[in-house]
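Structural description and commentary
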Amino acid sequence: MKRTRTASAACIAVLALLALTVTACSDEDVDKAKDTVASATAKAGEAVASATEAAASELAKVKDGVNAKGDVKAADTTKPDGDRTTAEITATNSTDKKADYTISVNFRDGDGNLLDTVVLNINGVAPGAAKSGTARSNRSLSGTPKAEISRALRH
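Because the structure is a prediction, the values reported are computed rather than measured.

Right, let's get into the overall build of the protein chain. Scanning the protein chain for helices and strands turns up two helices and seven strands. If you take every contact in the protein chain between residues at least 6 apart in sequence, the share linking residues at least 24 apart comes to 66%. Roughly 9100 Å² of accessible area belongs to the protein chain as shown, and the carbon and sulfur atoms make up 53% of that amount.

Among the secondary structure elements, glycine 82 is positioned in the loop between strand 2 (72–78) and strand 3 (84–92). C-alpha separation for the pair glycine 82 and serine 140, spaced 58 residues apart in sequence, amounts to 8.8 Å.

Moving on, we come to the sheet that holds strand 4 (residues 99–108). Across the sheet, four strands lie side by side as 1-7-4-5; this open sheet has antiparallel pairing. The sheet terminates laterally at strand 1 (66–67) and strand 5 (114–125), the two strands that pair on one side only. As paired strands, strand 1 and strand 7 (residues 146–154) are joined by two bridges and run antiparallel to one another. Paired with valine 66 across the bridge in strand 7 is arginine 154.

Structurally, valine 62 is set in the loop between helix 2 (27–60) and strand 1. For valine 62, a relative accessible area of 17% corresponds to the buried category. On a C-alpha basis, the gap between valine 62 and tyrosine 101 in space is 9.5 Å, while along the polypeptide they are 39 residues apart. Valine 62 has contacts with Thr102, Leu153 and His155, leaving out every residue within four places of it along the chain.

For the protein chain, the average pLDDT comes to 77, and 66% of its residues sit at 70 or higher. Confidence over residues 1–27 falls short of pLDDT 50; this stretch has 18 contacts with residues more than four positions distant or in other chains. Contacts of residues 29–44 to residues separated by more than four positions or lying in other chains number 11 contacts, the stretch itself having pLDDT below 50.

Moving on, we get to the nonpolar core. Ranked by size, the top nonpolar core spans 20 residues in total, and within it Val72, Ile89, Tyr101, Ile103, Val105, Phe107 and Ile122 carry the most contacts. Residue assignment for this core shows that the elements contributing at least two residues are strand 3, strand 4, strand 5 and strand 7.

Another point: the side chain of serine 137. Looking at where serine 137 falls in the secondary structure, it is placed in strand 6 (residues 130–140). Classification of serine 137 as buried rests on a relative accessible area of 0%. With near-sequence residues (within four places) excluded, serine 137 lies in contact with Arg84, Thr85, Phe107, Asp116 and Val118.

All right, on to the sheet that holds strand 6 then. Within the open sheet, the three strands sit side by side as 2-3-6. Their pairing is antiparallel. In this open sheet, the two strands that pair with only one neighbour each are strand 2 and strand 6. With direction set aside, neighbouring strand axes in the sheet form an average angle of 25 degrees. As paired strands, strand 3 and strand 6 are joined by eight bridges and run antiparallel to one another. Looking across to strand 6, one finds that arginine 84 is bridged to serine 140.

In this section: unusual backbone geometry. The residue aspartate 64 is not glycine, and still its phi comes out positive at about 60 degrees. Along the polypeptide, aspartate 64 turns up in the loop between helix 2 and strand 1. Relative accessible area serves as the criterion here: at 74%, aspartate 64 is assigned to the exposed category.

What counts as what
- Residues numbered from 1 in each chain as written.
- Predicted model: local features only at pLDDT ≥ 70, side-chain atom pairs only at ≥ 80, totals over all residues.
- Heavy atoms only, no water.
- Helix = DSSP H or I, 4+ residues; strand = E, 2+ residues; numbered from the N terminus.
- Contact = heavy atoms within 4.5 Å.
- Areas by Shrake-Rupley, 256 points an atom, 1.4 Å probe, with all protein chains shown as cover.
- Pairing = 2+ DSSP bridges.
- Buried < 20%, exposed > 50% of the residue type's maximum accessible area, 1.4 Å probe, protein only.
- pLDDT = per-residue confidence, 0-100.
- Core = buried A, V, L, I, M, F, W, Y, C linked by side-chain atoms within 4.5 Å.
- Axes fitted to C-alpha atoms, helices over the stretch in contact; angles between N-to-C directions.

Encoded structure:
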């Protein structure tokens, strides 16, 4: 996955440099473009790494959690507040006791590249019932990312 992100960044950099070369920009302009692309790529990579680390930390806090990925579904994403991507996440309690769910949701682009990760808690789901919550990206995501359930713990 990291290679794909790096390859995408390299492709963007090459295209940016090609565009500058075609338009007869100076070497200084080309160097500025390289710096801008490198900076943007690094910041995006840092944001994803930070979000992934935070999600793993939240999941680690759950004691006696049971894998419940099959109980959880993600709906299509939307951008109701203008810039951040959201997805309705539904947990269906397949047990005979009230349960809480801690869910890690990944947002991926059309090529499958990881753009963001968030953790959502859906608490107090009655036995045999379903309850929903909204996963909201940590930052603005371009395009129309897809939400997927990375991990889900019932506790």
